[in-house]
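Fold and geometry: a report
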Amino acid sequence: MKTQVVGGSSAVHEAASLLQKGEVVALPTETVYGLAAKALDPAACARIFAAKERPLSDPLIVHIPDIDWLDRLAKSSALAKRLAQTFWPGPLTVVVERKDCVPDLVTAGQETVAIRMSAHPLFAKVLKTLGEPVAAPSANRFGRISPTTAHHVLEELGGRIPLILDGGPCAHGIESTIVLVVEDKLQILRPGPVTKENLSGFAEILECESDVLSPGRLKSHYAPQTPLEMHPSSTLKSWPRSHNKTGLLSWQHPLPGFQAVEILTSSGNAAEAASRLYGAMRALDAAGMDLIVAEEPPDSGLGAAISDRLRKAAAR
Ligand code: TXA
Ligand code: MG
């Protein structure tokens, strides 16, 4: 199959019409690129799992065209509605009790469904044209780094899907925050651009124990092919010189003794670091290193989400 990469709003109708026919297309969101198919059409969703080689046990996020769809897909929750009104459209996914119209394939048979509304203008236009929700995981092959440019999607899924809608680089660069709504409390299943600090005013935040609820919390995920380790900067300053070619994924400053270096944010800005993270991981992966060492980010705010992704990349 030939994969077309098409830019701009002219391709919106083409994307919507492919989706309407039950095809999969890659679309830009404000977090990472997603691989979309009609959420209420199990045969269309099956194509997502096939293209990504994703196990059927890993449920999909449903992206909705407008906030009214929350009530159509999920049982009513006052807390979910307040979060939606505050953070949508935007990088927050809520996991709530589902209604029967949501296919089992989307929820992996669970009684909950993950829902979000993207703020990306092209994504929003496609959904408005289509007039119904799409399921969309990140547009990478299973277990690999999420794509933050159309070119990354082409590397991951070229030849497997008909269309990539190019909306330029993703603004946030890491996946949405996922919260499980448990009556009037919240559990953060995946840290992301909407931080714990942002959420704590809305509800008590429960500590997360179970890895079963969100397969995305599997330790190994978001991984480059090259082995990756995370270390505090104090360790990296006296990194042992060895025969191995080692690449540095630095938070802010270059350090001597490495064969390849990517700096996430020379100004120390966590949002900039997040937006560069996956591109930098891909660049170091392509640089032919034996090992990538990543400097531990600050562990609050968005730094927590970046640490989470680096820990998962290191857990391969
Ligand atoms: O930013 C994002 O969230 C991107 C863009 C494309 O929207 N999507 C994304 O999807 O990261 P994905 O499939 O790569 O990661 C979503 C995670 C999966 O690990 C899945 O296990 C979890 O969300 N998930 C989906 N439905 C769930 C549910 N009902 N309960 C718990 N976890 C769920
Ligand atoms: Mg993913």
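Described in the following lines is the structure provided in the data block. Being a predicted model, the structure only gives us computed values, none of them experimental.

Turning our eyes to something else, we now look at the packing of aromatic side chains. Within this structure, the stated rule accounts for two aromatic pairs. Taking 5.4 Å as the distance between ring centres and 55 degrees as the angle between the ring planes, the aromatic pair formed by Phe 87 and Phe 202 counts as tilted. With Phe 87 in helix α4 (residues 78-87) and Phe 202 in the loop between α8 (196-199) and β11 (204-206), this pair connects stretches of sequence that are 115 residues apart. Of the residues examined, Phe 87 reaches a relative accessible area of 16% and is grouped as buried. The positively charged end of Arg 72 is found above the aromatic ring belonging to Trp 69, 3.7 Å away from the centroid.

So, about unusual backbone geometry. Here the bond from Trp 88 into Pro 89 is cis, since omega is -10 degrees, no more than 30 degrees from zero. Relative to the elements of secondary structure, Pro 89 occurs in the loop between α4 and β5 (92-97). Unlike most non-glycine residues, Ala 108 shows phi in positive territory, near 55 degrees. Following the sequence through the fold, Ala 108 ends up in the loop between α5 (104-107) and β6 (112-116). Unlike most non-glycine residues, Glu 183 shows phi in positive territory, near 50 degrees. Tracing the chain through its elements places Glu 183 in the loop between β9 (177-182) and β10 (185-190). On the accessibility criterion, Glu 183 (72% relative accessible area) is exposed.

Two side chains bearing opposite charge may form a pair once their charged atoms approach each other closely. With the rule as written, the count across this model stands at 18 salt bridges. With its nearest N and O atoms 3.4 Å apart, the salt bridge here joins Glu 23 to Arg 47. Highlighted residues: Glu 23 in the loop between α1 (12-20) and β2 (25-27) and Arg 47 in helix α2 (residues 42-52), separated in sequence by 24 residues. Judged by relative accessible area, which is 39%, Arg 47 ranks as partly exposed. A salt bridge links Glu 207 to Lys 196; the shortest N-O distance between them is 3.9 Å. Here Glu 207 is found in the loop between β11 and β12 (228-231), whereas its partner Lys 196 is found in helix α8, with 11 residues between them in sequence. One network of salt bridges, with partners in common, ties together Arg 141, Arg 144, Glu 155, Glu 156 and Arg 282.

Across the five residues of β6, four count as buried, placing the element largely inside the fold. Bridge analysis of strand β4 (residues 61-63) against β6 gives three bridges, and the strand direction is parallel. Considered in β6, the bridge of His 63 is made with Arg 116.

On to the environment of Leu 73, then. Inspection of the secondary structure puts Leu 73 in helix α3 (residues 69-73). Between the alpha carbons of Leu 73 and Ser 242 there is a distance of 55 Å; along the sequence they are 169 residues apart. Each residue touching Leu 73, except ones within four places of it in the same chain, is listed here: Leu 40, Val 62, Ile 64, Glu 97, Arg 98, Lys 99, Cys 101, Val 102, Val 113, Ile 115 and Pro 133.

The geometry of helix α10 (residues 270-286) relative to helix α11 (residues 302-314) is characterised by a closest axis approach of 9 Å and an angle of 15 degrees between their N-to-C directions. By the angle between their directions, the pair α10 and α11 is classed as roughly parallel. Between α10 and α11 the crossing geometry is left-handed. For the pair formed by α10 and α11, the contact residues are Ala 270, Ala 271, Ala 273, Ala 274, Leu 277, Tyr 278 and Met 281 on the first element and Leu 302, Gly 303, Ile 306, Arg 309, Leu 310 and Ala 313 on the second.

Strand pairing in a sheet relies on backbone hydrogen bonds, with the paired strands running either antiparallel or parallel. Taking strand neighbours across the sheet as the criterion, the four strands line up as β12-β15-β13-β14 in an open arrangement whose pairing is parallel. Looking at strand neighbours, the two that pair on one side only are β12 and β14 (260-263), the edges of this open sheet. Neighbouring strand axes in the sheet, compared pairwise and without regard to direction, differ in orientation by 20 degrees on average. Judged from the four bridges that link them, strand β13 (residues 246-250) and strand β15 (residues 291-295) form a sheet pairing that is parallel. Bridging across to β15, Leu 249 finds its partner in Ala 294. The strands that α11 touches are β12, β13 and β15; relative to β12, the one it contacts most, it runs at about 135 degrees.

The rules we used
- Residues numbered from 1 in each chain as written.
- Chains lettered and ligands numbered in written order.
- Predicted model: local features only at pLDDT ≥ 70, side-chain atom pairs only at ≥ 80, totals over all residues.
- Heavy atoms only, no water.
- Phe/Tyr/Trp six-rings, centres within 6.5 Å; stacked < 30°, edge-to-face > 60°.
- Helix = DSSP H or I, 4+ residues; strand = E, 2+ residues; numbered from the N terminus.
- Buried < 20%, exposed > 50% of the residue type's maximum accessible area, 1.4 Å probe, protein only.
- Lys NZ or Arg CZ within 6 Å of the ring centre and 35° of its normal.
- Salt bridge = Lys/Arg side-chain N within 4 Å of Asp/Glu carboxyl O.
- Pairing = 2+ DSSP bridges.
- Contact = heavy atoms within 4.5 Å.
- Axes fitted to C-alpha atoms, helices over the stretch in contact; angles between N-to-C directions.
- Parallel < 35°, antiparallel > 145°, perpendicular 65-115°, else oblique.
- Left-handed = near helix turned anticlockwise from the far one by under 90°.

Everything listed here is a matter of geometry and, on its own, says nothing about what the molecule does.
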